[in-house]
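The chain contents come next:
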Amino acid sequence: MTIQTLVWLIPLPPLLAFGLIVLLTHRRRKLSHGLAIGSAGVSWLASMLVIIQALRMPKLAQTPIVSDIAWLPLANDPIRIGILVDPLTVVTLFFVSWTVLMIFIYSVGYHNFGQPDGEHDRPGLPPKGAHITDANGQAQHVPSVEPMYSRFFALISLFAFGMYLLVVTDNLLTLYIGWEVMGLCSYLLIGFWYAKPSARDAGMKAFLTTRIGDVFMLLGLAALYQVTGTLNFRATLANPAVLGELAAATSPVLGLSWAGLIAILLFIGTIGKSAQFPLHVWLPDAMEGPTPVSAMIHAATMVSAGVYLMVRFFPLLTAGWQPGEALTPAMQVVATIGTFTAIFAAVIALGQNDIKRVLAYSTISQLGFMLAAVGVGSFVAAAFHLVTHAFFKALLFLGSGSVIHGMEHGVMHTGEHLDPQDMRNMGGLRRTMPLTFWTFLAGGMALAGFPLVTAGFWSKDEILAGAFNGGNWVVFVTLAVAALLTAFYTMRLITLTFLGQPRTTAAGHAQESRREMTLPLAVLAFFSVTLGWVGIPQDFPLIGGILPNWLDEFLGGMLLTHGEAALHHSNIPLWTSLIVALGGLTLGWLAYRRQAAGQVDILERGLGPVYSLIQNKFYVDELYSLVFIRPAVWVSETLVAKWIDLGILDGILHGIANFGLWLGRQLLRWIDLLVITNTGNAVASGTGKFGGWLRRFHTGRIQQYMVMAMFLLILTGVLFYALVLV
C-alpha cells in the first residue's frame, strides 16, 4: 500500500463506523463503542504511519505527498479532489488523531457503560441514575448508562470523519464538505439531549449562528473559483504568480484586492466556526451537550477547523505583504477581531461559575490569540498554539467532565439538590480525585502559560513575540492583558474546584472517575507539558539551542514564497510572558484560597455593578435578542403569519373561495335549475305524453294491428313512388 493510498483511507474508518452503528449495531452498546473506538484507532494508526513517513521526507514543504482524482465533470476540465500532506497537515493530523482517540475512549466511562439502566431514564434526557441493592441489602443510588449510548458513538464517529476529511484534503471544496459535516454533527450533539429545552435551543443556536459565517465562506469559495478557475491549494496558495495577481487585482468591493476580499470572506466563516466576536454566542451554550462533545468541539474538531482554515490560507491573507510593512486591510481585520475577542472573552470568563462555561470562554479567548497571530503575520506561532491548545483544552474539558462525574456521585450519595457543575459547590476535590486533580493542574498550567514546563507557555510566548517584533503594540499589550486574565481565571477555577475545603457535603463524597476516563487524561497531560519543547526559540536565554527549534524549521519551510512577521530577539515579550503568567496565577490563588461556602465572590465585592455586567456576558445575548431575535419573531409571527398569511394571502384565498360559492349558486339558479333542470323536465314530460299517446294504439286486437300495418305499408309505397320513382 502506498503512502498516498493510506492518506486517502484515514477519514474512512469513522465514516464506516457511523454507518454500521446506525444500521446494524445500535441495539448493542459494547459492539457500538467497539466499532467507534476501533475506527478511531485505525485512523490514529494510519495517521501516525503517514506522519512518520512525512517526517522522513527532507523537503516536505516543497514536495508534499499529493494525489488526486477527477470527481465532478464540467464543460472543460473536471473538478479534481485529492489529498495533500504538507507540514501543516502533519501537525494538524497529529493533534486531531490523538485527541479524537482519547475522547472516544473517555466517552465509554463518561456514559457509564456497564452500569444498569435507570428506572426513570428516557431517550433525549440525561440519565438520572438507577437504584440497586448491594450485597449487604442496602439500597444505593448509582449512575445509570446513557439511554442513547450507541447513537452518541455514531455521531461522534461522523464528527471525526468530517475533521479528518477537512485536514487531508487538497482543495477548498472538499474542505467545505467536511466543514459542513461538522456543522451538522455539532447541531446533533449539542442538542443530543433533545428533550431538554435548553439543549435543544443550544443546538439550534449553534447551527444558525455558524450558518451565517458559512454563507460568507461559500461566497469566498465561489469568488476564488471565479477568479482563479481552481480551488486546489497547491495551484493557488503555493503559486507565487497566482498570489501576485490576486494581490494586484482590485475587486469591486471597497477597493479591496481580490486576495483581501476572498480572505475576509473566508475569515467570516472562521468567525462563525471558531466563535469569534460577534458570532461567539453559540459556543458557551454548546456546554448543554455531553462533556466529550465539548472536548470534540473545543479541541479536536469544529473550532480548531476555523483557525486551521486561516492558517492554511495564510499565503492568500498576506499576499502582497512583506515583513516590516504595514498590515494589509485583510490582515488588520483578522488581527483586530482576534485581539478584541481574546480580551473580551477573557473578561467574561472571570465572572462565570459553571466550570464548563469558564473553559468555553477560555476557548474563545485562546482562539482569538491564534487569529491575532495570523493577522500580524506570525504563521508558525498561530499553528503552534493551535496544536498545544488542542491538547490542553481537550484535557481540561475531559477533566471537567471527570469532576462533574465525581460531584454527581457525591450528590447521589448525599441526596443534596445542587448544581454539580457550579464551582461554588466544590472545593477540596484534590483529596478525593487525585488523578483528575494532577492532570487538570497540568492542563490549567498550560492554559495559563506557566513558564518553561508547559506547552502553553512556549506557544503563547511566540504569539506575543510575533506581535511585538512586528511593531503591533496595541495587539501586543491587549494580548498581554488577556494572558494575565487567563492565568487569573485559571487559578480561580483550580482553587475553587480542587483546593481548600469542601464547600458542600456532596463535594466531600466525590469519587475518582473510572480508568476509561483517567487514562486519556494522563495521555493528554503528557502532551500538554512536553509538546512545547519542540518549539523553544534558539535565542531563548539559557536553554535556547539545547533542543532544536524543530517546529519553526518544519513549518517555516512553507513560507519560502511569502513573508512572516520579522524575527528578532527581544527579552520584552519573554518577561511579559513570565510576569503575566506568574502574576495572574498568584493573584488568583491569593484571591480565592480562602473562599468559603456562601461567601460573595471577591470580584463581585470589588467590582460591584461591573461584575454583574461581566457575569451577564455584557448582555450580548440580550442585545441580539432585542435587535435580531424579537424582530425576527415579530416579523414571522405578526407580519408574515398574521398579516400577510392570515390577512392578505388567506383573505385572497377566502375571497376566491367565496366568489366560487357565489358563482356556484348563480350557476345553480340560472343554469342548473332554470335551463338544465327545466329542459330535462320538459323532455321527460314530452316523452311521457308521447308514450301516453302511443298507448292508444296498443289495444291487443290482432285485426287492428293488421289494418295499421297495411295502412303503413300503403303509405310507405306511395311515398316511395312519389319521392323516388316519379
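Residues numbered from 1 in each chain as written. Predicted model: local features only at pLDDT ≥ 70, side-chain atom pairs only at ≥ 80, totals over all residues. Heavy atoms only, no water.

Looking at the overall build of the protein
Then step 1. The secondary structure content of the protein amounts to 29 helices and 4 strands.
Then step 2. The C-alpha radius of gyration of the protein comes to 37 Å, more than 25% above the 27 Å expected for a compact globule of 726 residues.
Then step 3. Burial analysis of the protein (726 residues in total) assigns 53% to the buried set.
Then step 4. When the accessible surface of the protein is summed, it comes to about 31,500 Å², and 68% of that surface belongs to carbon and sulfur atoms.
Then step 5. Looking at charge distribution, the protein has the averaged site of its 40 positive side-chain charges lying 12 Å from that of its 37 negative ones. (Helix = DSSP H or I, 4+ residues; strand = E, 2+ residues; numbered from the N terminus. Rg over C-alpha atoms; globule rule 2.2 N^0.38 Å. Buried < 20%, exposed > 50% of the residue type's maximum accessible area, 1.4 Å probe, protein only. Areas by Shrake-Rupley, 256 points an atom, 1.4 Å probe, with all protein chains shown as cover. Lys, Arg positive; Asp, Glu negative; His and termini not counted. Charge placed at Lys NZ, Arg CZ, Asp CG, Glu CD.)

What about helix H12 (residues 291-300)?
Then step 1. Judged by how many residues are buried, H12 sits mostly within the fold: 10 of 10 residues are covered.
Then step 2. Taken as a whole, H12 has its buried residues at Thr291, Pro292, Val293, Ser294, Ala295, Met296, Ile297, His298, Ala299 and Ala300.
Then step 3. Phi turns positive, to about 45 degrees, at Met302, one or two residues after H12.

Side note on the pairing of strand S2 (residues 79-85)
Then step 1. In terms of burial, S2 is largely enclosed, as 6 of its 7 residues are buried.
Then step 2. The pairing of strand S1 (residues 65-72) with S2 spans 7 bridges and is antiparallel. Within S2, the residue paired with Ala70 across the bridge is Arg80.
Then step 3. Counted along the chain from S1 to the antiparallel partner S2, the turn is 6 residues long. (Pairing = 2+ DSSP bridges.)

What to know about helix H16 (residues 355-375)
Then step 1. With 21 residues, H16 extends 31 Å between its outermost C-alpha atoms, agreeing within 8% with the 30 Å of an ideal straight helix rising 1.5 Å per residue.
Then step 2. Counting buried positions along H16 yields 21 of 21 residues, so the element is predominantly enclosed. (Expected span 1.5 Å × (residues − 1).)

A closer look at the pattern of salt bridges
Then step 1. Going through the model one piece at a time under the given rule, you end up with 13 salt bridges.
Then step 2. Here Asp214 ties to Arg211 by a salt bridge, and the two come within 2.3 Å at their closest N and O atoms. Of this pair, Asp214 and Arg211 both sit in helix H7 (residues 197-228), separated by 3 residues, roughly a single helical turn. Residue Asp214 shares its accessibility class with Arg211, and that shared class is buried.
Then step 3. Members of the salt-bridge network, linked through shared partners, are Lys205, Asp285, Arg357, Lys617 and Asp621. (Salt bridge = Lys/Arg side-chain N within 4 Å of Asp/Glu carboxyl O.)

Focus: the domain arrangement of the protein
Then step 1. Per the domain assignment, the segments of the protein are domain 1 (3-111 + 146-562 + 584-615) and domain 2 (620-725).
Then step 2. Distance from the C-alpha centre of domain 1 to the C-alpha centre of domain 2: 73 Å. (Domains from an automatic or database assignment.)

Concerning the packing of helix H4 (residues 87-110) against H12
Then step 1. Between H4 and H12, the shortest axis-to-axis distance is 9 Å and the interhelical angle comes to 175 degrees. The angle between the axes of H4 and H12 places the two elements in the roughly antiparallel class. Residues Phe95, Val96, Thr99, Val100, Ile103, Phe104, Tyr106, Ser107 and Tyr110 of H4 lie in contact with H12, whose contacting residues are Thr291, Pro292, Ala295, Met296, Ala299 and Ala300.
Then step 2. Here the residues of the contact of H4 with H12 sort into 12 nonpolar, 3 polar and no charged. (Axes fitted to C-alpha atoms, helices over the stretch in contact; angles between N-to-C directions. Parallel < 35°, antiparallel > 145°, perpendicular 65-115°, else oblique. Contact = heavy atoms within 4.5 Å. Nonpolar A, V, L, I, M, F, W, Y, C, P; charged D, E, K, R; others polar.)

A few points about the packing of aromatic side chains
Then step 1. Throughout the structure, instances matching the rule amount to 34 aromatic pairs.
Then step 2. Aromatic pair Trp458 and Phe540: ring centres 4.8 Å apart, planes at 65 degrees, arrangement edge-to-face. Of the two residues, Trp458 is situated in helix H20 (residues 455-469) and Phe540 in the loop between helix H23 (515-530) and helix H24 (550-556); the sequence distance between them amounts to 82 residues. Each of the two residues, Trp458 as well as Phe540, counts as buried.
Then step 3. What links up through ring pairs into an aromatic cluster is the set Trp44, Phe94, Trp98, Phe391, Phe526 and Phe527.
Then step 4. When the ring centre of Phe369 is taken as reference, the NZ or CZ atom of Lys460 above it lies at 5.5 Å. (Phe/Tyr/Trp six-rings, centres within 6.5 Å; stacked < 30°, edge-to-face > 60°. Lys NZ or Arg CZ within 6 Å of the ring centre and 35° of its normal.)

Concerning the nonpolar core
Then step 1. Formed by 223 residues in total, the largest nonpolar core has its most connected members in Leu166, Leu172, Leu175, Trp282, Ile297, Phe313 and Leu429.
Then step 2. If sequence neighbours within four positions are ignored, Leu166 has contacts with Leu175, Trp179, Met182, Ala305 and Tyr308. (Core = buried A, V, L, I, M, F, W, Y, C linked by side-chain atoms within 4.5 Å.)

Comments concerning a nonpolar patch on the surface
Then step 1. Taken together, the side chains of Trp634, Val635, Val640, Trp643, Ile644, Ile648, Leu649, Ile652, Leu653 and Ile656 make up a nonpolar region of the molecular surface, amounting to roughly 920 Å² of accessible area.
Then step 2. With respect to the helices and strands, Ile648 occurs in helix H28 (residues 620-695). (Patch = residues over 30% accessible without salt bridge, like charges linked within 9 Å, V, L, I, M, F, W, Y side chains within 5 Å.)

Here we look at the packing of helix H3 (residues 29-55) against H4
Then step 1. The geometry of H3 relative to H4 is characterised by a closest axis approach of 9 Å and an angle of 160 degrees between their N-to-C directions. Overall, the two elements H3 and H4 adopt an arrangement that is roughly antiparallel. Crossing geometry of H3 relative to H4 is assigned as left-handed. Of the residues in H4, those touching H3 at His33, Ala36, Ile37, Ala40, Gly41, Trp44, Ser47, Met48, Ile51, Ala54 and Leu55 are Val90, Leu93, Phe94, Ser97, Trp98, Val100, Leu101, Phe104, Ile105 and Val108.
Then step 2. When its residues are assigned to classes, the contact of H3 with H4 shows 17 nonpolar, 4 polar and no charged. (Left-handed = near helix turned anticlockwise from the far one by under 90°.)

A closer look at the environment of Thr505
Then step 1. With respect to the secondary-structure elements, Thr505 resides in helix H22 (residues 505-508).
Then step 2. When its relative accessible area of 45% is taken as the criterion, Thr505 is described as partly exposed.
Then step 3. Note: C-alpha distance between Thr505 and Ser378 (127 residues apart in sequence) is 49 Å.

Digging into the side chain of Glu146
Then step 1. Its place among the elements puts Glu146 in the loop between strand S4 (139-142) and helix H5 (149-168).
Then step 2. For the buried residue Glu146, which engages in no salt bridge, the nearest side chain bearing the opposite charge is Arg151, 8.0 Å off.
Then step 3. A distance of 3.0 Å separates a polar atom in the side chain of Glu146 from a polar atom in the side chain of Trp193.
Then step 4. If we skip the residues at most four places from it in the chain, Glu146 touches Arg29, His111, Leu125, Pro127, Phe192 and Trp193. (Polar contact = N/O pair within 3.5 Å; in protein donor to acceptor, adjacent residues only side chain to side chain.)

Details of the side chain of Arg503
Then step 1. The residue Arg503 is located in the loop between helix H21 (473-498) and H22 in this model.
Then step 2. Although Arg503 is buried, it forms no salt bridge, and the closest oppositely charged side chain is Asp422 at an N-O distance of 7.5 Å.
Then step 3. One polar contact links the side chain of Arg503 to the main-chain carbonyl oxygen of Met423, over a distance of 2.8 Å.
Then step 4. Only 3.2 Å separates the side chain of Arg503 from the backbone oxygen of Arg424, close enough to count as a polar contact.
Then step 5. In this structure, Arg503 is in contact with Met423, Arg424, Met426, Gly427, Leu496, Thr497, Gln595, Ala596 and Ala597, ignoring residues within four places of it in sequence.

What about unusual backbone geometry?
Then step 1. Here the amide bond leading from Phe277 into Pro278 is cis, since omega sits at 10 degrees, within 30 degrees of zero.
Then step 2. As for its placement among the helices and strands, Pro278 is situated in the loop between helix H10 (258-273) and helix H11 (282-285).
Then step 3. With a phi close to 55 degrees, Leu254 is a non-glycine residue in the positive phi region.
Then step 4. The residue Leu254 is located in the loop between helix H9 (240-248) and H10 in this model.
Then step 5. Backbone geometry places Phe618, a non-glycine residue, at a positive phi of 60 degrees.
Then step 6. Note that Phe618 resides in the loop between helix H27 (609-615) and H28.
Then step 7. Take Phe618: its relative accessible area is 30%, and that puts it in the partly exposed class.

Concerning the pairing of S4
Then step 1. Pairing of strand S3 (residues 130-133) with S4 involves 4 bridges; the strand directions are antiparallel. From the neighbouring strand, Ile132 faces S4, where its bridge partner is Gln140.
Then step 2. Once S3 ends, the chain turns through 5 residues before running back antiparallel as S4, passing Gly137 with a positive phi of about 80 degrees.

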